[in-house]
Amino acid sequence: MTQESVTQERVTQDAMDVQPFPLPRPSGCPFDPANEHRALHEQGPISRVEIWNKSTPWFVTGHEEHKALLSDPALSSDVHRAGFPHFSEATSHRQTDDVTFLHMDDPEHARQRRMLMPRFTKARMEMMRPGIQQMVDEHIDAMLAGPKPVDFVDAFALSIPSLVIAELLGVPHSDLEKFQDLTRVLVTRTTGVDDARNAQNNLLDYLEELINRKLEAPTDDLLSQLAVDRVRTGELTVRELATTGFLVLVAGHETTSNMMALATYAFLRDQEQLDKLLGMDDPKQIAGAVEECLRMIPIFQMGRRRVLKDDVEINGLTLKSGEGMILSSELANRDPKVFENPDVFDIERDARRHVAFGYGVHQCLGQPLARVELQVVLGTLFKRIPTLRLAVDESKLEFKNDGLSYGLVRLPLTW
Amino acid sequence: MKVSICEAKCIGAGVCVDAAEEVFSQRDEDGIAIVLDAEPRAELHAAVREAAVNCPAGVIEIQE
Ligand code: HEM
Ligand code: SF4
């Protein structure tokens, strides 16, 4: 590094304001980022924040920088590397054993992700659409037949994504209740650290047992295919495949579920957009509305987490090997350089440049499935229950402000 | 316009298929993207450029 760049860096860094992360959202719109973090972005697309352990990782808020950095192989997702900006004390003690490829770097990440890729193509996910439509219709039937008000999170949003993943993995119908019970503990907020670990082990044990059954009598599903193609050949152990199944569940359950509830709420608080949605009958328009929900509603509110394994030069800054980094998709998704009037929820805009699914080699593998689920829900729910409305005052709603994934604890609805 | 993909680096997120399904598809066997139409007609150019911008692995090459 030259003397000149050292001085420049020091000047920029001294002038840099550091804010805590995370911080509460402003009152007003429950989807808006904290004002202090917006203020950081106004000073520059790369700043620093202070996290729970007093470390000060880089904080990336610009859209262009988000994409450039997540495409850079100098960024590592390896949670065992020194300097990784863990979400919390609890997640910093993660065990080495059951680490999934979400937390690995290439080439091992690529090797494991590639095994799943054929099961996650857009065409394959589209094949699940009729089944998902039926599931959504049945859940709405049950809601309409039952007592009012209903907690939409419990009656609908938690249930559908877990049933969809059960179908994808190949959980037989006779096990669905068990599977749903096991997964529900994992996403319940009151579950303590020990209970969560137990739940995780129970689920892994269940998946192992299921994989052994699939090895005996394979069917056409993800676990059967991988059991036959990869476990029999010795490329994966049964435990590794169970861990992969677990990753798919963890990555695709609560995220999609929170999105279903928050998106439903987003329309209930915005009559103009709801009217627009109700007037849409072209699936392309509904798909566009889903993209705008993904842009506006911050599900992965704790940002992408990375640690640098090499120095990176960007925007006149030197980001040093060993430093941590938080890349905020929610601020990138509000970058006025890319999205006009970024704070306006407008389901007719072209929002497809959002980075809600991440960017670079770890970009969400399940995105075609998340899209199908959300398109079916938003295309069906309000058409079937046009009088759907909140059953409590907005001020009574409780948000998962400290969750890895942002969402609503409950969403009481009536019609 | 000429379109190509670096298959070795494709991560199979299907963003390109979403953007321009006449031009891109994914192979059933491995989920890797393929170019169906390497010289797409003019109406598709905007969608193909959008696919290239949004491809998370940056592997879509366009020559104009
Ligand atoms: C609205 C719903 C969803 C959102 C917002 C979302 C978001 C994300 C994000 C931001 C990442 C990247 C993490 C990183 O770079 O560190 C990711 C990765 C992943 N997602 Fe999703 N996701 C959703 C639904 C799903 C679904 C339904 C599935 C599967 C059934 C899924 C499976 C995965 C997997 C396997 C990864 C890891 C990919 C890798 O590391 O290569 N996701 N997701
Ligand atoms: S968008 Fe890029 S990475 Fe994704 S499938 Fe298409 S070519 Fe591959």
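Residues numbered from 1 in each chain as written. Chains lettered and ligands numbered in written order. Predicted model: local features only at pLDDT ≥ 70, side-chain atom pairs only at ≥ 80, totals over all residues. Heavy atoms only, no water.

(A) Looking closely at the site of ligand 2. Residues and elements named next belong to chain B. Taken together, 13 residues are adjacent to ligand 2, and Cys10, Ile11, Gly14, Cys16 and Cys55 come closest. In this structure, ligand 2 is accommodated by the second largest cavity. Of the residues that constitute the shell around ligand 2, the class distribution is eleven nonpolar, two polar and no charged. (Near = heavy atom within 4 Å. 1 Å grid on protein atoms, 1.4 Å probe; cavity = no way out; pocket = protein on both sides within 12 Å on 5 of 7 lines; lining within 4 Å. Sits in = over half its atoms within 2 Å of the grid points. Nonpolar A, V, L, I, M, F, W, Y, C, P; charged D, E, K, R; others polar.)

(B) Structural detail: the layout of surface pockets. Empty space within the second largest pocket amounts to approximately 840 Å³. Residue assignment for the lining of the second largest pocket shows that the elements contributing at least two residues are helix 6 (122–127), helix 7 (129–145), helix 16 (283–296) and helix 18 (367–384) of chain A together with helix 1 (15–19) and helix 2 (45–54) of chain B. Of the residues that constitute the lining of the second largest pocket, the class distribution is 13 nonpolar, six polar and 17 charged. (Points joined across faces, edges and corners; volume = space filled by probe spheres on them. Helix = DSSP H or I, 4+ residues; strand = E, 2+ residues; numbered from the N terminus.)

(C) Structural context of empty space enclosed by the protein. Overall, the coordinates contain four cavities of 30 Å³ or more when judged by the stated rule. In this structure, the largest cavity occupies an estimated 190 Å³ of space. In this structure, the largest cavity is lined by 17 residues; those nearest its centre are Arg352(A), Arg353(A), Arg371(A), Val15(B) and Asn54(B). Elements that contribute at least two residues to the lining of the largest cavity include exactly helix 18 of chain A together with helix 1 and helix 2 of chain B. Computed from the structure, the second largest cavity encloses a volume of approximately 110 Å³. Residue lining of the second largest cavity: 15 residues in total, with Cys10(B), Ala13(B), Gly14(B), Cys16(B) and Cys55(B) positioned closest to the centre.

(D) Structural context of the interface of chain A and chain B. The interface is formed by 19 residues belonging to chain A together with 24 residues belonging to chain B. Interface area for chain A against chain B, summed over the two sides, is near 1,700 Å², with a carbon-plus-sulfur share of 46%. Broken down residue by residue, the surface that chain A buries against chain B is led by Met117(A), Lys122(A) and Arg353(A), which jointly contribute 30%. Counting across the chain A and chain B interface gives three salt bridges. A salt bridge links Lys122(A) to Asp18(B); the nearest nitrogen and oxygen atoms lie 3.2 Å apart. Taken together, the links from chain A to chain B amount to ten residue pairs in polar contact (both at pLDDT 80 or more). Looking at the side of chain A that touches chain B, the elements with two or more residues in it are helix 5 (108–116) and helix 18 of chain A. No other element matches the three residues that helix 18 of chain A contributes to the side of chain A that touches chain B. Residues of the side of chain A that touches chain B, tallied by class, amount to seven nonpolar, five polar and seven charged. (Contact = heavy atoms within 4.5 Å. Buried area = accessible area lost by both parts, 1.4 Å probe. Salt bridge = Lys/Arg side-chain N within 4 Å of Asp/Glu carboxyl O. Polar contact = N/O pair within 3.5 Å; in protein donor to acceptor, adjacent residues only side chain to side chain.)

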